[in-house]
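# Results of the structural survey
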Amino acid sequence: MKLNDYLAEFADADPEEALEMLIDFSGKLPPLSSRRAAEGQPVRCRIQECQTPVFLWVDLVEGKVQVEASVHEKSPTVRGFVAMLTDGIVGASPAEVARLPDDLLPKLGLQETLGMTRSRGFKGIVARIKRDVAAAAATQAVAANAKRDFL
């Protein structure tokens with residue numbers, strides 16, 4: 001999972017450098033697909049724990065995680081976190097996502113720099129992704145079992 005490589009890059013950085021690295025990721029968040037952009041910003045996709053509006057769509061495609069996200073450009077720290085996280089887990093298995101730490105700020109070396117408000121929001125983003133991946137995996141397992149039982 002590419003996220004482990006990203007986290008390793010942060011391990012040796014001091015807090016100021018780590019914050020710069022996170023902000024650099026903000027420019028790497030891809031635009032939404034036309035299908036998701038047409039949806040607008042549904043409340044069901046909003047991360048409620050974040051003060052900054054963050055919208056996530058999580059899918060499993062052939063058993064691999066796919067994530068799309070929308071975060072305003074005027075929130076580079078949050079946008080950078082989302083870009084790093086979503087790019088870092090694309091193609092991961094549900095089991096890999098389930099093993100993600102609930103709190104990534106200590107691994108980024110930014111727990112003191114970003115404080116409690118950002119910590120709560122970032123934990124909410126990780127929790128949502130983990131929940132949505134688990135739900136999608138369960139749905140796919142039920143569908144696969146139903147298909148097998150039908151045949």
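These figures come from a predicted structure and were not determined experimentally.

### Describing the nonpolar core
- Phe81, Leu85, Ile89 and Ile125 are the most contacted members of the largest nonpolar core, which totals 41 residues.
- Elements with a contribution of two residues or more to this core: helix 1 (2-11), helix 2 (15-25), strand 1 (54-61), strand 2 (64-71), helix 4 (76-89), helix 6 (105-108) and helix 7 (111-150).
- The contact partners of Ile89, leaving out residues within four places of it in the chain, are Met1, Leu3, Val65, Val67, Val97, Leu100 and Ile129.

### Regarding a negative patch on the surface
- A surface patch of negative charge is lined by Asp12, Asp14, Glu16, Glu17, Glu20 and Asp24.
- Inspection of the secondary structure puts Asp14 in the loop between helix 1 and helix 2.
- Given the relative accessible area of 43%, Asp14 is considered partly exposed.

### A few points about the side chain of Ser26
- Examined against the element boundaries, Ser26 turns out to sit in the loop between helix 2 and helix 3 (34-39).
- Ser26 gets classed as buried once you look at its relative accessible area, which sits at 12%.
- Beyond its immediate sequence surroundings of up to four residues, Ser26 is in contact with Pro76, Arg79 and Gly80.

Here is what the cut-offs are and how they apply
Residues numbered from 1 in each chain as written. Predicted model: local features only at pLDDT ≥ 70, side-chain atom pairs only at ≥ 80, totals over all residues. Heavy atoms only, no water. Core = buried A, V, L, I, M, F, W, Y, C linked by side-chain atoms within 4.5 Å. Buried < 20%, exposed > 50% of the residue type's maximum accessible area, 1.4 Å probe, protein only. Helix = DSSP H or I, 4+ residues; strand = E, 2+ residues; numbered from the N terminus. Contact = heavy atoms within 4.5 Å. Patch = residues over 30% accessible without salt bridge, like charges linked within 9 Å, V, L, I, M, F, W, Y side chains within 5 Å. Areas by Shrake-Rupley, 256 points an atom, 1.4 Å probe, with all protein chains shown as cover. Salt bridge = Lys/Arg side-chain N within 4 Å of Asp/Glu carboxyl O. Lys, Arg positive; Asp, Glu negative; His and termini not counted. Charge placed at Lys NZ, Arg CZ, Asp CG, Glu CD.

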